[in-house]
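Okay, here's what each chain looks like letter by letter:
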Amino acid sequence: MTTSATHGTGGPTENALRRALRRARDGVSLDVAEAAVLLQARGEHLEDLSASAARVRDAGLEAAGRPGVITYSKSVFVPLTRLCRDKCHYCTFVTVPGKLRRAGHGMFMSPDEVLDIARKGAALGCKEALITLGDKPEDRWPEAREWLDAHGYDDTIAYVRAISIRILEETGLLPHLNPGVLTWTDFQRLKPVAPSMGMMLETTATRLWSEPGGPHHGSPDKEPAVRLRVLEDAGRSSVPFTSGLLIGIGETYEERAESLFALRKVSRAHHGIQELIIQNFRAKPDTAMRGMPDAELDELVATVAVARHLLGPSACLQAPPNLVDAEYGRLIAAGIDDWGGVSPLTIDHVNPERPWPQIDELAEQSRAAGFALRERLCVYPEFVRRGEPWLDPRLRPHVAALADPETGLARPDVLPQGLPWQEPDEAFTASGRTDLHRTIDTEGRTGDRRADFDEVYGDWDALREAAAPGMVPERIDTDVREALRTAADDPTRLTDAEALALLHADGPALDALCRIADDVRKSAVGDDVTYIVTRNINFTNVCYTGCRFCAFAQRRTDADAYTLSLDQVADRAQQAWDVGAVEVCMQGGIHPDLPGTAYFDIARAVKERVPGLHVHAFSPMEVVNGATRTGMSIREWLTAAKEAGLDTIPGTAAEILDDEVRWILTKGKLPAATWTEVVTTAHELGIRSSSTMMYGHVDQPRHWLGHLRTLADIQRRTGGFTEFVTLPFVHTNAPVYLAGIARPGPTVRDNRAVTAMARLLLHPWIPNIQTSWVKLGAEGAAEMLRSGANDLGGTLMEETISRMAGSSYGSYKSVRDLVAVAEAAGRPAKPRTTLYGEVPEERRRAAEASDGHLPELLPVLE
C-alpha cells in the first residue's frame, strides 16, 4: 500500500482496519503495515483508535504520578536568526539578508534584543526561552559570516552558547535550543548552557529530500539519515531532546508509519526523547507549497493516536494548539498529554499567521476534557528528577530555582531571576575512596557494577539487537599462504583481503605470521625490549559518559567513587619522581563538576612540583570535554594545555575506530572522526601521542583492519604517534559483558594475530608496538614480544582501570619484573623516555635504587 497520506484515494479494507484496531486495543505490538492502516482510520474507527490511545496515555500519567494532568510551557520565542542554508519549500520563517536589511534588522538578533524579550517574558512569569534559528547560515550567506566575525564568534553555535549564558545569568529563563542539525561535538558545547534542545525529524521519507520538487530538495540538513544521527547523538550525550513529525508534506502512510518507528527506535535506545510533537502541515502564501492542501484534522488525530500506541504510556506527546482551530478536545481524546510552548508575549515566528491561544482558554478546554493544565519547564519533569547525567551541574541551580522538587513541574508562583552560570565550587576537593589505587589489590571493589547499571548505559535490549549484525564473522576465501608470502616480502603491499585472511590465521599459519612479524620487528627496531618508569595517576573515577566496556567509572555517590585534590595529584607525581620515574600518565573520568580548565590546573600542579617530569595526559575524550566546557576550539584548548605543562597525550578513547562498533561499546564517548580530529590537531601543534586499539568484545577482524589502516593513514600525514598499544578487552566486570552482549575478551589466537598484524600493517610508519602486561600478564606479554611487539609499556606504580575491570595481574611491575619478561622472550631490556629516547643517567640510578616502584606503595598525604 503506497497511498499518499495527503492525496490518497484508496484505503485499507474493513477487515484490515478491524484487525489492526483489535490489536491496538489489546496492547499487541504493531508493525509498520498495521500502523499505516491505523493512520487511515476515520469515523467510528478513529474514535475507537483514539479511545484505546487515550487509555495508554492515562496509564502513563498515572505511573508518572500526575494522573489527569496536561502540561504546557510558558515561553518566549526568540528567532535568533532567520537566515538558513536550507531551502524548505513550505517555510516562511527563513528569509534572505536583503530583506532583513530593508526591514532594519541585523543578520542575527543582538544580545540586547534577545535580553529585552527574555526580561519581559520573565516579568510575565515565562520560564522558557525558545531559541530558534536557521541551520548554519554562515555556510550560505557571507553576511552571516561577517556578522559572526565582527562580534567575535567562530560560528553560529558559539553565539547560541554565549547568548544562552547571558539569558541564564541576566533573566533566569531556561534556554531550549533549536539550532537545527548538530554534531556530537556541538552537543557537548551546548549541553552546559541549556537543559533541553530539539529538532523535528519531520519524516524519514528520503525521496522528499532527494527528488527535485520535493519539500526538502536542496536542503542538506533535511536528509533523514542526518537528522536521525542528530537524535542518536542527543541520546548519546544525555541531552533531553524534543523531536517529532511534520505530517501532510507528501509522505505516504507507510512512510509516516516508518518515521514513527524510527523515532521509537531512538527513544528506546537512549531514553532521551523527552517529547514528540505531531505537527500538521499548514500551507503558507509566498512559498513553493502554497497550493498544497492543509493536513486535515482527522490526519492529525489519527497520527497522534498511532504515535501513542507505538511510543507507549511513558512517551510525552504534543500537538501545537495554535494549528488546530480550537479542536482541543479531539487531540486530548487521541492521547496527547502536552500543549507545548505557549507565549503570552511573542508570536509563533514559524507560524506567524496562527496566534497562540490564551493560557486561560487552554486551561478551560483541558478542564472540559477532564484534565488539569499544569505548567512545566522546557526540560520535562522526568529529566528534572533524573538529574545527572541529564542535567549539567552548571544548570542545576537555574532549574532548581524554577522546579517543584517533588513533581519536577514548574513552580507557577515563582518569577525567574538571573543566577550566575559558573563552574561548581570546590571541584578539586578530595573525596571518596582515594586509596583505591592501593586497596584495589587488597580489598577489591565494593560491587561488580555501579548502582545505576540499568540506566546509565542506555537500553540493553536495544543494544543487543544493534550488536548482533556486527558480531557475525565473515567468510574468508583469500589464500593465507599467498598472503604470508606478501607479508614476508613487503608488508606494505598487503591488500585488505590478504590482511583480513592473516587476521583470521590460526595453527601453523598463525605461527608463520608471528615469525614474519618478529623478523620485521627486528629489522625495524632491533632486539631491545623497551619499557618506561612511569606512574599512572587517575585523578577521578566519577563519570557519566556511559562507556559500556568500562568498570572504572562510578557515580559520585557510589562506594568506590573518588576524586583527588590537586595536592594529592602533585604528591603522587613527587613520589614517582623520587623512585626514578620519567613520566606520569594522567587520565580520569568525565566528572560533571570539573571545569574545562581543570586539566590545565592538573598539568600545572605536576610541573610546578616536579618540573622535570614528562606529563603524558588527557585522552582525546578529555580534550574534547575540556574544549567544549570552556567554549574553546580543540586547537585553542590544546595550545593552552601545552602552555600549562602538557607534553604528550595518550591515544586512548580510541577503542575501535569504527562507529558501528563504537556505539555498541559506548553510549556517549566521542565519535571516531572526532578522535581523529583531536590527535591530528595535537600532532600539528607538536604534541605527540600514543595510539591504541581495544579489541575482543563485539568486534571482528574486519574492524581491526579498518582501525589499523586509519592509524597508518594518520601517521603518514602527521608522524605524531610514538607507538601503538594493544589493549585486550578485560571482560570480568565490564557492563557490556555483564549484560550478556560482549565476548569474554580476546583469545590467545586473537592476541597473537592482532600484535603480529599491527607490526605488519603499521610498518614502517609506527615502529613501536607495545603489549600490555596489565591485561595479559608476564607470560602473555612475553608471547607478544615473540609476535612482533618491542615494548612493555610502563611500571605504572598504580593501575586502577584494568584492575576495576577484573584484571588479575596486579597494579604495578618493578624494573626487575619487566626485565624478566624481556628475558623470557630471549631479549635484552632497555629503559626509555616517553618519546623513546635515552633515559638520563640520574633517572636510571634512581630507578635502579628503588627497582622502579614505590616502597610499600607510599601512602598519599591527605
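It should be emphasised that the depicted structure is a prediction, and the values quoted were computed from it without experimental measurement.

Trainee: Where do I start with the pattern of salt bridges in this structure?
Mentor: With the rule as written, the count across this model stands at 62 salt bridges. Notably, a salt bridge pairs Arg376 with Asp338, separated by 2.7 Å at the nearest N-O pair. Separated by 38 residues along the polypeptide, Arg376 in strand 9 (residues 372-376) and Asp338 in strand 8 (residues 338-342) bring together distant segments of the chain. In this pair, the class of Arg376 matches that of Asp338, namely buried. Of the charged contacts in the structure, one is a salt bridge between Arg635 and Glu684, with a shortest N-O distance of 2.4 Å. Highlighted residues: Arg635 in helix 26 (residues 634-644) and Glu684 in helix 28 (residues 672-684), separated in sequence by 49 residues. What makes Arg635 partly exposed here is its relative accessible area of 38%. A relative accessible area of 52% places Glu684 in the exposed class. Residues joined in a network through salt bridges with shared partners are Arg42, Glu251, Arg256 and Glu299.

Trainee: Would you mind showing me how to read unusual backbone geometry here?
Mentor: Excluding glycine, a negative phi dihedral is what most residues carry, and trans is how most peptide bonds are arranged. The peptide bond linking Glu388 to Pro389 adopts the cis configuration, its omega dihedral lying at 0°. The residue Pro389 is located in the loop between helix 15 (381-386) and helix 16 (396-402) in this model. Of note, the bond from His763 into Pro764 is cis; its omega dihedral lies within 30 degrees of zero at -5°. By secondary structure assignment, the location of Pro764 is in the loop between helix 31 (748-761) and strand 18 (769-770). In this structure, Glu202 is a non-glycine residue whose phi angle is positive, near 75°. Looking at where Glu202 falls in the secondary structure, it is placed in the loop between strand 4 (196-198) and helix 9 (207-210).

Trainee: Would you mind showing me how to read the side chain of Arg752 here?
Mentor: With respect to the element layout, Arg752 can be found in helix 31. In this structure the side chain of Arg752 is engaged in a polar contact, spanning 2.9 Å, whose partner is the side chain of Asp511. Looking at Arg752, its side chain comes within polar contact range of the side chain of Glu783, at 3.5 Å. Not counting the four nearest positions on each side in its chain, Arg752 is found in contact with Leu510, Asp511, Cys514, Glu783, Met784 and Ser787.

Trainee: How do you make sense of helix 1 (residues 14-25) when you look at a structure like this?
Mentor: Since the α-helix packs 3.6 residues into each turn, any two residues three or four apart lie on the same face. Between its terminal C-alpha atoms helix 1 stretches 16 Å, which fits the 16 Å expected from 12 residues at 1.5 Å a residue. Along helix 1, the residues classified as buried are Leu17, Ala20, Leu21 and Ala24. Buried residues along helix 1 cover an arc of 100° about the axis, so they all sit on one side. Here the buried face of helix 1 lies against helix 2 (32-38), helix 3 (43-64) and helix 12 (297-311). In the segment just after helix 1, Gly27 is the residue with positive phi, at about 75°.

Rules and cut-offs
- Residues numbered from 1 in each chain as written.
- Predicted model: local features only at pLDDT ≥ 70, side-chain atom pairs only at ≥ 80, totals over all residues.
- Heavy atoms only, no water.
- Salt bridge = Lys/Arg side-chain N within 4 Å of Asp/Glu carboxyl O.
- Helix = DSSP H or I, 4+ residues; strand = E, 2+ residues; numbered from the N terminus.
- Buried < 20%, exposed > 50% of the residue type's maximum accessible area, 1.4 Å probe, protein only.
- Polar contact = N/O pair within 3.5 Å; in protein donor to acceptor, adjacent residues only side chain to side chain.
- Contact = heavy atoms within 4.5 Å.
- Expected span 1.5 Å × (residues − 1).
- Arc of directions from axis to C-beta.

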